[in-house]
Amino acid sequence: MSESIHIHPGSTAHDAVHDDHHHGHHEQSFISKYIFSQDHKTIGKQFLITGIIWAIIGGLFSVLFRLQLGYPDQSFPILETFFGHWAEGGTIKPEFYYALVTMHGTVLVFFVLTAGLSGTFANLLIPLQVGARDMASPFMNMLSYWFFFMASIVMIASLFIHTGPASGGWTVYPPLSALGQASEGSKLGMDLWIVAMALFVVSSLLGGLNYIATILNMRTKGMSMTRLPLTIWALFFTAVLGVLSFPVLFSGLLLLLFDRNLGTSFYLSDIVVGTDILPNEGGSAILFQHLFWFLGHPEVYIILLPAMGMVSEILSVNARKPIFGYMAMLGSLFAIAILAFLVWAHHMFVTGLNPFLGSVFVLLTLLIAVPSAIKVFNWLTTLWRGNIRLFPSTLFAIGFVSLFISGGLTGIFLGNSTIDIHLHDTMFVVAHFHIVMGVASMFGMFAGVYHWFPKMFGRYLNSTLGYIHFWVTMIGSYLIFWPMHYEGLAGMPRRYLDKSIWKSFNQFGDLDKMITVVSIIVFAVQLMFVFNFFYSIFKGRKVTTTNPWGANTLEWTTPINPGHGNWTGEIPEVHRWAYDYGKDGREFIPQTEPVGANESKH
Amino acid sequence: MQTFFIVAILALGFLITFQIAKASEYVAVLRGEEKAKKQTNKVNAFLLLLFLIFGLIGVYYCNERLKGRILGDPASDHGVLIDRMLYITIAVTFVVFVITQVALFWFSYKYQQSDDRKAYYYPHNNKLELIWTVIPAIVLTVLVGFGIFYWFKITGKPPRNAMQVEIVGSQFKWEFRYPGKDSILGKKYYKKITGDNPLGQIWEDPANHDDIYVSGDPMHLIVNRPVQLVIGAKDVIHDVGLAHFRMKMDAVPGTPTTMWFTPTKTTAQMIKETGKSDFVYEISCDQMCGSGHTRMRGEIIVESQEEFDVWMAQQTPKYFAVFPDKNPNKPKTDTTGAATPAATTATGQQ
């Protein structure tokens, strides 16, 4: 660790950033300021903008395969123009369809909702809200972004090779992903996928360790752990989950790479592809699923927890009320983080898992519903008798809670192995996880962007566009995913690109068309948000006060456009928790204000 | 050309929206920001209320429209249990869903910002929190209890009189094998797989000699007779999905799996009940298995014991197809002389 990160609360900004090129004024070259920056705020913005680009790509892929699902018989010549032999005659080939589905999943789960979400907000908020000048190791933090960038380059490259990108689903189950002869996407594309994910794991570990170190060691004076805003607690548990589970994915993928290229048999046994009898014996294809889901399930919470944290913060600020049951919120975050590691096999109820083991996982899985329920009730009570300002950020936070309820409840169906027998791998699962993990976390992310945009860029997003963005996305999300549950109840398997030969699953043609049309509209509105985002960076209304939302947390005590080091003078001292809203008749009391003699206790 | 117009219209709509949005910001500044903020707050609060009302109506409408399209009554004994569990869960979760969503949107509407109201400082209440920890815990215990009870029934040992049928998936088809008169599926080894011996049966095992191999035709099952499926895969992971029986199990290369159930309705009965003359039980592959995943389809016919016996009588064991001279029903020539070369060919193909 370099000396420059050793910061005492009492030191001045000038001392704190005594990096070599920081003598005197903050004159930085373009490269060290915007590209290889070690400033956590800039790195956060880099994660966010890269995440947005990925989200456009991932979202566009979903629109393309929705076209196929909604209009399986129609041809779209424009597709051939863009995708050549993947869409000959304007119809999407099965290989292309599965490549799109796989990349949509990979991109959204890892590159957008992991890197783009916790990468952005952990970087932006941790030092600002705990009261630190920067991360524990700004250099590692910079590396974290650039490893993510390299992972992105490799993943993008895999889209352009002749045999196409990985196409075995984002879960890349072997043997399909291990055998080039079984699928086009399991050729070079799969190797690139593994390399990209390995780089991604490195990025995630570098980031995660930094977040944990910063939160534990670099809190300002008076900022005890129980005075931390819930955002920080959520980001802390997220980082812990990532640090403990990503290495398991890494080892699983490494073994897969060996099976693919070195002739080992970790996952392969008794295989005949076409007429080709493979020599591998003794491996277990199920082993990979255990390793994958040991990451894969915590991953769901890696995506969801930061959104929960931000929603807690935003609801409290805009309801002008303390978050209800801070300790219960904290406890439930902790419970979710622990249980996240103990439920992975609920993805594997129908793999031939020992039924007794299955029943243990049913119990542990449904246990998660208890802390989740606590969180929901606490959010509801936070709104109750508040004085709610319905900014776009508040609306997205309310939307998050609504989606989290809807998607959480369908989790009770799938976590119950008895029902899962029927619903496993059907469209019900697709509807469930898109609502609870995909769209809900996206809502959390949007809420965060609308709320902290003024801190990031010193300007506001256009709120009229924000309201349109919210309402179309909210209505659209329910229109897309709510009726999809019925397809699943009918047993319609997921990842079917054409239902015409099936007698049991071809009764939803009109529904699939509706979903496709709505998803195109929703996608267009997201583009509008992206436009609003970039336009407002340069032309948005300027922020004129340091604390535009009247919030208590420390980031609003920094200058409107904080430099590297965040506070110009000393780092403020903290005297209270972050949620004194509406106390003793005062609208808000910042954390930095000493507790008064006559103040009531809570 | 059509695409061009769509893109043009989208772009135009976008431009207009943006201009309005920008203008509204200026108008807000002109009219006084506070006033404009109050106005939008009211509008959005009202929209949240509308969303709740129309959302609940939409949930009802969606159910009315689509409930007839899910699969109807289950056609197996396990299916009845699974559906019962499903409906118990729907009932419980629907109550929670309505209560929490109504509370969420109603509070957001009711407690919208107003100058007359001060937010109520209410940081915690241990009793309340205890209540809503304990109640969900109890409800979930009940659901877990039911779930595990049914789960063990479904995944427990099959009854003694269960017949066995093997089902093997490979890109992108299903193959079946019946154990024949001895009710034992003969041993197999994947390296024995050839064009003549698609499942890799080991001919030295006498239990293989009467095994019936079926491919391209539907699987036949007997109504009200428990059946245990012995499930395997040759190349990648597949999944035997039987939507009407509500059953599902992965087919994993190298790791055989099983599942059992009792079909309770014949195909003929289902044709009558559903009113669809082309009704057929389908086997769907539910685990992504490559480019042909979508068309990996099999069929099952459920029939009476008599019909099944008639069908079975028409089948000849694969063993006799490979070694025609061992077939007692075929005109015999010189048994020993002809069998030897055939056997050598079979071993030679390993």
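Keep in mind it's a predicted model, so treat the numbers as computed, not measured.

1. Concerning the overall build of chain A
Part 1 of the reasoning: Within chain A, the regular secondary structure consists of 18 helices and 2 strands.
Part 2 of the reasoning: The C-alpha atoms of chain A give a radius of gyration of 24 Å, which matches the 25 Å a tight globule of 602 residues would have.
Part 3 of the reasoning: Principal-axis analysis of the C-alpha atoms gives chain A an extent of 80 × 50 × 50 Å.
Part 4 of the reasoning: By sequence separation, contacts in chain A at least 24 residues apart represent 78% of the contacts at least 6 residues apart.
Part 5 of the reasoning: Summing over all exposed atoms, chain A offers an accessible surface of approximately 18,700 Å²; the carbon and sulfur share of this is 67%.

2. Quick notes on the pattern of salt bridges
Part 1 of the reasoning: Scanning the model with the defined rule gives 26 salt bridges over all chains in all.
Part 2 of the reasoning: As a salt-bridge pair, Asp191(A) and Arg260(A) come within 2.8 Å of each other at their nearest N and O atoms. Taken as a pair, Asp191(A) in helix H7 (residues 188–217) and Arg260(A) in helix H8 (residues 230–261) lie far apart in primary sequence, 69 residues in all. Side by side, Asp191(A) and Arg260(A) carry an identical accessibility label, which is buried.
Part 3 of the reasoning: For Arg246(B), the salt bridge identified is with Asp83(B), shortest N-O distance 2.7 Å. One end of the pair, Arg246(B), is in the loop between strand S6 (238–242) and strand S7 (247–251); the other, Asp83(B), is in helix H3 (residues 77–110), with 163 residues separating them in the sequence. Comparing Arg246(B) with Asp83(B) shows no difference in burial state: the two are buried.
Part 4 of the reasoning: What emerges from the salt-bridge pattern is a single network uniting Arg576(A), Asp580(A), Lys583(A) and Glu599(A).

3. Quick look at the interface of chain B and chain A
Part 1 of the reasoning: Tallying the contact residues gives 110 residues for chain B and 128 residues for chain A.
Part 2 of the reasoning: Overall, the association of chain B and chain A removes approximately 10,600 Å² of surface from exposure, summing both partners, and the carbon and sulfur fraction of that is 69%.
Part 3 of the reasoning: Counting across the chain B and chain A interface gives 3 salt bridges.
Part 4 of the reasoning: Asp510(A) serves as the salt-bridge partner of Arg69(B), at 3.0 Å between the closest nitrogen and oxygen.
Part 5 of the reasoning: At the boundary of chain B and chain A, one finds 41 residue pairs in polar contact (both at pLDDT 80 or more).
Part 6 of the reasoning: Broken down by secondary-structure element, the contributors of at least two residues to the side of chain B that touches chain A are helix H1 (2–31), helix H2 (33–66), H3, helix H4 (126–155), S7 and strand S9 (281–285) of chain B.
Part 7 of the reasoning: If one sorts the elements of the side of chain B that touches chain A by residue count, H4(B) sits on top with 16 residues.
Part 8 of the reasoning: In terms of residue class, the side of chain B that touches chain A is built from 58 nonpolar, 30 polar and 22 charged.

4. As for the nonpolar core
Part 1 of the reasoning: Grouped together as the largest cluster of nonpolar side chains are 291 residues, with contacts concentrated most on Trp193(A), Trp379(A), Phe400(A), Tyr178(B), Leu229(B) and Leu242(B).
Part 2 of the reasoning: Here this core gets 22 residues from one element, more than from any other, and that element is helix H5 (residues 94–130) of chain A.
Part 3 of the reasoning: Looking at which domains feed residues into this core, each of domain 1 (32–112 + 125–155) and domain 2 (163–323) of chain B gives three or more.
Part 4 of the reasoning: If we skip the residues at most four places from it in the chain, Leu229(B) touches Val165(B), Ile167(B), Met219(B), Val240(B), Leu242(B), Thr257(B), Thr258(B), Met259(B) and Phe261(B).

5. Here's the deal with the domain arrangement of chain B
For an interface, size is often stated in terms of accessible area lost upon the parts coming together.
Residues and elements named next belong to chain B.
Part 1 of the reasoning: Structurally, chain B comprises domain 1 (32–112 + 125–155) and domain 2 (163–323).
Part 2 of the reasoning: Put simply, the middle of domain 1 and the middle of domain 2, counted by C-alpha atoms, are 40 Å apart.
Part 3 of the reasoning: Summed over both partners, the interface of domain 1 with domain 2 buries about 1,100 Å², with 54% contributed by carbon and sulfur atoms.
Part 4 of the reasoning: For the pair domain 1 and domain 2, the interface holds 1 salt bridge.
Part 5 of the reasoning: At the junction of domain 1 with domain 2, the criterion picks out 7 residue pairs in polar contact (both at pLDDT 80 or more).
Part 6 of the reasoning: Where the side of domain 1 that touches domain 2 is concerned, the elements lending two or more residues are H3 and H4.
Part 7 of the reasoning: In terms of residue count, H3 provides more of the side of domain 1 that touches domain 2 than any other element does, 5 residues in total.
Part 8 of the reasoning: Residue composition of the side of domain 1 that touches domain 2, grouped by class: 5 nonpolar, 4 polar and 4 charged.

6. Here we look at the environment of Pro229(A)
Residues and elements named next belong to chain A.
Part 1 of the reasoning: When you line up the elements, proline 229 lands in the loop between H7 and H8.
Part 2 of the reasoning: With 120 residues separating them along the chain, proline 229 and phenylalanine 349 place their C-alpha atoms 38 Å apart.
Part 3 of the reasoning: When neighbours within four sequence positions are excluded, proline 229 is seen to be in contact with Gln129, Glu313, Thr553, Ala578 and Tyr579.

7. Re the environment of Met135(A)
Part 1 of the reasoning: Mapping Met135(A) onto the fold places it in the loop between H5 and helix H6 (138–159).
Part 2 of the reasoning: In this structure the C-alpha to C-alpha distance between Met135(A) and His40(A), which are 95 residues apart in sequence, comes to 6.5 Å.

8. Some words on the sheet that holds strand S5 (residues 227–233) of chain B
Residue and element names in this part refer to chain B.
Part 1 of the reasoning: Pairing is mixed across the open sheet formed by 5 strands, whose spatial order is S3-S2-S1-S5-S8. Of all strands in the sheet, those bounded by a partner on one side alone are strand S3 (212–215) and strand S8 (257–261). With direction set aside, neighbouring strand axes in the sheet form an average angle of 25°.
Part 2 of the reasoning: Inspection of the sheet shows strand S1 (residues 163–170) paired to S5 by 7 bridges, in the parallel sense. Its bridge partner being in S5, valine 165 is matched across the sheet by leucine 229.

9. Thoughts on unusual backbone geometry
Part 1 of the reasoning: Following Pro174(A), the chain continues into Pro175(A) via a peptide bond in cis, with omega recorded as 0°.
Part 2 of the reasoning: Looking at where Pro175(A) falls in the secondary structure, it is placed in the loop between H6 and H7.
Part 3 of the reasoning: That bond from Gln171(B) to Phe172(B) is cis: its omega, -15°, falls within 30 degrees of zero.
Part 4 of the reasoning: With respect to the helices, strands and loops of the structure, Phe172(B) is situated in the loop between S1 and strand S2 (173–178).
Part 5 of the reasoning: Residue Arg320(A) is not a glycine yet carries a positive backbone phi of 55°.

10. Here's the deal with the sheet that holds S7(B)
Residues and elements named next belong to chain B.
Part 1 of the reasoning: One open sheet holds the 5 strands; their spatial order is S4-S10-S9-S6-S7, and the pairing between them is mixed. Each edge of the open sheet is held by one strand with a lone partner, namely strand S4 (219–222) and S7. Here the strands of the sheet are splayed against their neighbours by 25° on average, with no regard to which way each runs.
Part 2 of the reasoning: Looking at chain direction, S4 and strand S10 (residues 297–303) are connected through 4 bridges and run parallel. Note that in S10 the partner of leucine 221 across the bridge is valine 302.

11. Description of the side chain of Thr102(A)
All names here are of chain A.
Part 1 of the reasoning: Here threonine 102 is to be found in helix H5.
Part 2 of the reasoning: A residue is classified by how much of its surface remains accessible, and threonine 102, at 1% relative accessible area, is buried.
Part 3 of the reasoning: At 2.9 Å, the side chain of threonine 102 and the backbone nitrogen of glycine 169 are in polar contact.

What counts, and where the lines are drawn
Residues numbered from 1 in each chain as written. Chains lettered and ligands numbered in written order. Predicted model: local features only at pLDDT ≥ 70, side-chain atom pairs only at ≥ 80, totals over all residues. Heavy atoms only, no water. Helix = DSSP H or I, 4+ residues; strand = E, 2+ residues; numbered from the N terminus. Rg over C-alpha atoms; globule rule 2.2 N^0.38 Å. Contact = heavy atoms within 4.5 Å. Areas by Shrake-Rupley, 256 points an atom, 1.4 Å probe, with all protein chains shown as cover. Salt bridge = Lys/Arg side-chain N within 4 Å of Asp/Glu carboxyl O. Buried < 20%, exposed > 50% of the residue type's maximum accessible area, 1.4 Å probe, protein only. Buried area = accessible area lost by both parts, 1.4 Å probe. Polar contact = N/O pair within 3.5 Å; in protein donor to acceptor, adjacent residues only side chain to side chain. Nonpolar A, V, L, I, M, F, W, Y, C, P; charged D, E, K, R; others polar. Core = buried A, V, L, I, M, F, W, Y, C linked by side-chain atoms within 4.5 Å. Domains from an automatic or database assignment. Pairing = 2+ DSSP bridges. Axes fitted to C-alpha atoms, helices over the stretch in contact; angles between N-to-C directions.

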